[in-house]
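If you want the building blocks of each chain, they are given just below.
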Amino acid sequence: QKEVEQDPGPLSVPEGAIVSLNCTYSNSAFQYFMWYRQYSRKGPELLMYTYSSGNKEDGRFTAQVDKSSKYISLFIRDSQPSDSATYLCAMNVNTGTASKLTFGTGTRLQVTL
Amino acid sequence: DSGVTQTPKHLITATGQRVTLRCSPRSGDLSVYWYQQSLDQGLQFLIQYYNGEERAKGNILERFSAQQFPDLHSELNLSSLELGDSALYFCASSVDAGGGTGELFFGEGSRLTVL
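Residues numbered from 1 in each chain as written. Chains lettered and ligands numbered in written order. Predicted model: local features only at pLDDT ≥ 70, side-chain atom pairs only at ≥ 80, totals over all residues. Heavy atoms only, no water.

## What about the packing of aromatic side chains?
As enumerated under the stated definition, the model contains eleven aromatic pairs over all chains in all. Between Phe103 of chain A and Tyr35 of chain B, the ring centres sit 5.5 Å apart and the planes meet at 90 degrees, which makes this aromatic pair edge-to-face. Of this pair, Phe103 of chain A sits in strand β10 (residues 102-103) while Tyr35 of chain B sits in strand β4 (residues 31-38), each in a different chain. Looking at Phe103 of chain A, the relative accessible area reads 6%, which means it is buried. Overall, Tyr35 of chain B belongs to the buried group, its relative accessible area being 0%. With a centroid separation of 6.2 Å and an interplanar angle of 75 degrees, the aromatic rings of Phe103 of chain A and Phe106 of chain B are classed as edge-to-face. Pair noted here: Phe103 of chain A is in strand β10 and Phe106 of chain B is in strand β10 (residues 105-106), and the two residues belong to different chains. This pair shows no difference in class: Phe103 of chain A is buried, exactly as Phe106 of chain B is. (Phe/Tyr/Trp six-rings, centres within 6.5 Å; stacked < 30°, edge-to-face > 60°. Helix = DSSP H or I, 4+ residues; strand = E, 2+ residues; numbered from the N terminus. Buried < 20%, exposed > 50% of the residue type's maximum accessible area, 1.4 Å probe, protein only.)

## Observations regarding the sheet that holds strand β7 (residues 64-68) of chain B
Residues and elements named next belong to chain B. Ordered in space as β1-β3-β8-β7, the four strands form an open sheet in which the pairing is antiparallel. The open sheet has two edge strands, β1 (5-7) and β7, and neither has a second partner. Between one strand axis and the next, the sheet turns by 15 degrees as a mean value, whatever way the strands run. Alignment of β7 against strand β8 (residues 74-78), held across five bridges, turns out to be antiparallel. In the strand pairing of β8, Ser65 is matched with Asn77. (Pairing = 2+ DSSP bridges. Axes fitted to C-alpha atoms, helices over the stretch in contact; angles between N-to-C directions.)

Here it is, written out as structure tokens:
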């Protein structure tokens, strides 16, 4: 079983829809939870990170962490065609001296006009 | 543009061969990370260097090795290549070693095809 599970999709939604992307994890030592966005033929870029359980909002994006259920989500409101990309969840244990992000396999999102 | 430069962008080689991938981190970043991305496995952590010192290791094969030089650029060496090594290899960098916030800056990757 993988440490981080993510539905690969693809997920196709019409413009303006609310998108929900999810990951589950098994390692309770994970402290930091991130969402990266990867456009085709590009490297991933950090979208949001959260440390504690709860919600964090940034514009049209909301990241949610439920440590008790080992479940994280990313919501995208008013989705745009420019949101079409692969979204990767990632998790980390901060040792202070090293970093070893564990990524989900990514969910491919397509927002159609 | 993340500021992380990787070369070459594409590489085609034969089984049994050896290749070197190069990475220049963002200016000021001391940590360099190598990741392998394949369709079935997703993004897999290989290794981290911080200011020339190895800090963390993932499931990196013995046929693979890396180093970070005094000017902070890094190289990933892949030898005795097999068909299954075909993948996208990403380099990323960050300012610190602990990476608590998880902000890694990724290059555009080197696509390796082994025939």
